[in-house]
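Residues per chain are reported as follows:
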Amino acid sequence: MKVSSLNKTPILLLLLLATLTTLALGQSTRVGFYRTTCPRVESIVQSAVQSGVRSNPRAAPGLLRMFFHDCFVNGCDASILIDSPSSEKTAVPNLPLRGFEVIDAAKTQLEATCPGIVSCADILALAARDSVVLSGGPRWEVPTGRRDGLVSQTSDTANLPAFNDSISVQIRKFEDKGLNTQDLVTLVGGHTIGTAACVVFSYRLYNFNNTNQPDPDINPEFLPQLRALCPNGGDGTVRVGLDTGSVNRFDNSYFANLRNGRGVLESDAKLWSDPTTQRFVQRFLGIRGLLGLRFDVEFGRSMVKMGNIELKTGSQGEIRRVCTAIN
């Protein structure tokens, strides 16, 4: 059947409209985004992470947390890297983060190699992956093509997941970002590396919920160990490993510690005490009768999923010349 040029016009208009809409909204990320424009991007970031972690071991969990905190506030757009008196970086939950110098070092080398090409948001996504690999964890392909955000405000961090959130609140915060309960348990499993200051959990050891008793979720045999590290009224800045016995190694022993009442943060301990999340912890532990989950596989999948929260791509945002300041 012959189609007249008049009939073709609406079709062409629809195609043009779809194309313009795609350009306006930006495109999604993809693996190999810089294959032709900056082919050494991954090796440059990896080298910066290796050097940074050698100088400061806290940089490995710091970079992983940094990516998490960045994505949960206005999307994965490197807004957490901005230096200003009221930027995200100055918010209380972000003050303990380490590894900013690693991102800066990678950006400096990338600007010398392929100026104006690689976003700080992508550097952070790659650095988070590399910090996991360097800690003995899995490697996954990181889709790239993010652009850097133009806004960074302390007030926007109010809905970051907190150390004392109930499971229902944790689930809501993750669902608000398009992440399900399995993603929640998987991503919080990143606490297999890193530490927490006594100030954020010592209330569990002495006067939980104003009872003058410890949190019943804490194993009584583990309690004296925590109290020795964080005495009542002691130095709140002392840091304690979140995954007892494996603080610097990325593995699933974190989940075994939760099962054994050795979760340090209240929000972590609740992953075992609440049935909604306990079943996923059990699956990561391979408990008989349940369909098992491989933490090394699922973590990469959930990281990719989180890395696509509220993307800025295409013509949105910008490519910063330095990661600490908007152009």
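Before reading further, recall that the structure is shown in the block above.
Just so it is clear, the model here is predicted, and its values are computed rather than measured. Starting afresh in each chain, residues are numbered from 1 along the sequence in its written order. For this predicted model, a pLDDT threshold of at least 70 governs which residues receive local features, and a threshold of 80 or more governs which side-chain atom pairs are given and counted, while totals over whole chains, interfaces and linings are taken from all residues. Only hydrogens and water are set aside when side-chain values are computed; all heavy atoms of the structure are taken into account.

Visitor: So what's going on with the overall build of the protein? Residues and values would help.
Guide: Secondary structure is summarised from DSSP: a helix means a run of H or I of at least four residues, a strand means a run of E of at least two, and numbering begins at the N terminus for each. Regarding its fold elements, the protein presents 13 helices and two strands. Only the C-alpha atoms count toward the radius of gyration. The rule for a globule is 2.2 Å times the residue count to the power 0.38. In terms of overall size, the protein behaves like a compact globule, its C-alpha atoms giving a radius of gyration of 22 Å where 327 residues would be expected to give roughly 20 Å. Three labels apply to residues, based on accessible area from a 1.4 Å probe with only protein chains included: buried if under 20% of the type maximum, exposed if over 50%, partly exposed otherwise in between. Here the protein holds 327 residues, and the buried ones make up 48% of them. Nonlocal contacts in the protein, meaning residues at least 24 apart in sequence, comprise 74% of its contacts between residues at least 6 apart. Areas reported here follow the Shrake-Rupley algorithm with a probe of radius 1.4 Å; residue values treat only the protein chains shown as occluding. Taken as a whole, the protein presents about 15400 Å² of accessible surface, with 55% of it coming from carbon and sulfur. The averaged location of the 30 negative side-chain charges in the protein is 6 Å from the averaged location of its 34 positive side-chain charges. Residue contacts are counted whenever heavy atoms from the two residues lie within 4.5 Å of one another. For the charge count, each Lys or Arg is scored as positive and each Asp or Glu as negative, with His and the chain ends excluded. Where a charge lies is defined by one atom per residue type, namely NZ (Lys), CZ (Arg), CG (Asp) and CD (Glu).

Visitor: Tell me what's going on with the side chain of D183, and back it up with residues and numbers.
Guide: With respect to the helices and strands, the residue D183 is situated in helix α7 (residues 181-188). Accessibility expressed as a relative area gives 6% for D183, which makes it buried. Polar contact criterion, stated in full: a pair of N or O atoms within 3.5 Å, where within protein one must be able to donate a hydrogen and the other to accept it, and residues adjacent in sequence count only if both atoms are side-chain atoms. In this structure the side chain of D183 is engaged in a polar contact, spanning 2.8 Å, whose partner is the side chain of S302.

Visitor: I'd love a proper account of empty space enclosed by the protein, names of residues and values included.
Guide: Grid points spaced at 1 Å and placed over the protein atoms alone form the basis of the search, with a cavity being a set where a 1.4 Å probe fits but cannot get out and a pocket an open set showing protein on both sides within 12 Å along at least five of seven lines. Lining residues have an atom within 4 Å of a point. Grid points are joined across faces, edges and corners, and a volume is the space filled by probe spheres set on the points. Tallying each qualifying case throughout the model produces one cavity of 30 Å³ or more. Considering only enclosed or pocket space, the largest cavity measures out at about 50 Å³ in volume. Class assignment for the residues of the lining of the largest cavity results in seven nonpolar, one polar and one charged. In this classification, Asp, Glu, Lys and Arg are treated as charged, Ala, Val, Leu, Ile, Met, Phe, Trp, Tyr, Cys and Pro as nonpolar, and every other residue, Gly included, as polar.

Visitor: Pulling in residues and values, what's your account of the packing of α7 against helix α13 (residues 295-306)?
Guide: Think of each axis as a best-fit line through the C-alpha atoms, taken over the contacting stretch in the case of a helix, with angles from 0 to 180 degrees between the N-to-C directions. The geometry of α7 relative to α13 is characterised by a closest axis approach of 9 Å and an angle of 110° between their N-to-C directions. Viewed along their axes, α7 and α13 adopt a mutual orientation that is roughly perpendicular. In this structure, α7 uses Q182, D183, T186 and L187 to contact α13, whose residues at the interface are F295, E298, F299, S302, M303, K305 and M306. Partitioning the contact of α7 with α13 into residue classes produces five nonpolar, three polar and three charged. By the definition adopted for this analysis, an angle is roughly parallel if under 35 degrees, roughly antiparallel if over 145, roughly perpendicular if from 65 to 115, and oblique otherwise.

Visitor: Can you lay out the packing of helix α2 (residues 41-55) against helix α5 (residues 120-134) for me, pointing to particular residues and giving the numbers?
Guide: One way to put it is that α2 packs onto α5 with a least axis distance of 9 Å and a crossing angle of 55°. Considered as vectors, α2 and α5 are oriented oblique to each other. With respect to the hand of their crossing, α2 and α5 are arranged in right-handed fashion. Residues V41, E42, V45, Q46, V49, Q50 and V53 of α2 touch α5, and the partners they reach there are I123, L126, A127, R129, D130, S131 and L134. For the contact of α2 with α5, the per-class residue count stands at eight nonpolar, three polar and three charged. Two helices that cross are described as forming a left-handed crossing if the nearer one is turned anticlockwise from the farther one by less than a right angle, and a right-handed crossing if clockwise.

Visitor: Please give an account of the state of the cysteines that cites residues and values.
Guide: The criterion for a disulfide is a pair of cysteine sulfur atoms lying within 2.5 Å. Taken as a whole and assessed by the stated rule, the structure comprises four disulfides. Paired by a disulfide, C38 and C114 hold their sulfur atoms 1.8 Å apart. Separated by 76 residues along the polypeptide, C38 in the loop between α1 (5-25) and α2 and C114 in the loop between α4 (100-113) and α5 bring together distant segments of the chain. The same class applies to C38 as to C114, namely buried. The disulfide bridge from C198 ends at C230, spanning 1.9 Å between sulfur atoms. Looking along the S-S bond of the C198-C230 disulfide, the torsion reads about -70°, which is the left-handed sense. Here C230 lies in the loop between α9 (223-229) and β2 (239-241) and C198 lies in the loop between β1 (195-197) and α8 (203-206), a separation of 32 residues in the sequence. Like C230, C198 is buried. With its bonded cysteines labelled in order along the sequence, the protein shows the pairing 1-4, 2-3, 5-8, 6-7.

Visitor: Just give me the short version of the layout of surface pockets, but keep the residues and values in it.
Guide: Space inside the largest pocket adds up to approximately 950 Å³. Lining of the largest pocket is provided by 41 residues; of these, R65, H69, P93, H191 and L265 occupy positions nearest its centre. Breaking the lining of the largest pocket down by element, the ones donating at least two residues are α3 (59-71), α6 (167-175), α7, β1, α11 (266-273) and α13. In terms of residues, the lining of the largest pocket owes the most to one element, α3, which gives six residues. Its residues placed into classes, the lining of the largest pocket shows 26 nonpolar, ten polar and five charged. Approximately 200 Å³ is the volume found for the second largest pocket. F33, G145, R146, R147 and G314 are, among the 13 residues lining the second largest pocket, the residues nearest its centre. Classifying every residue of the lining of the second largest pocket by side-chain character gives four nonpolar, six polar and three charged.

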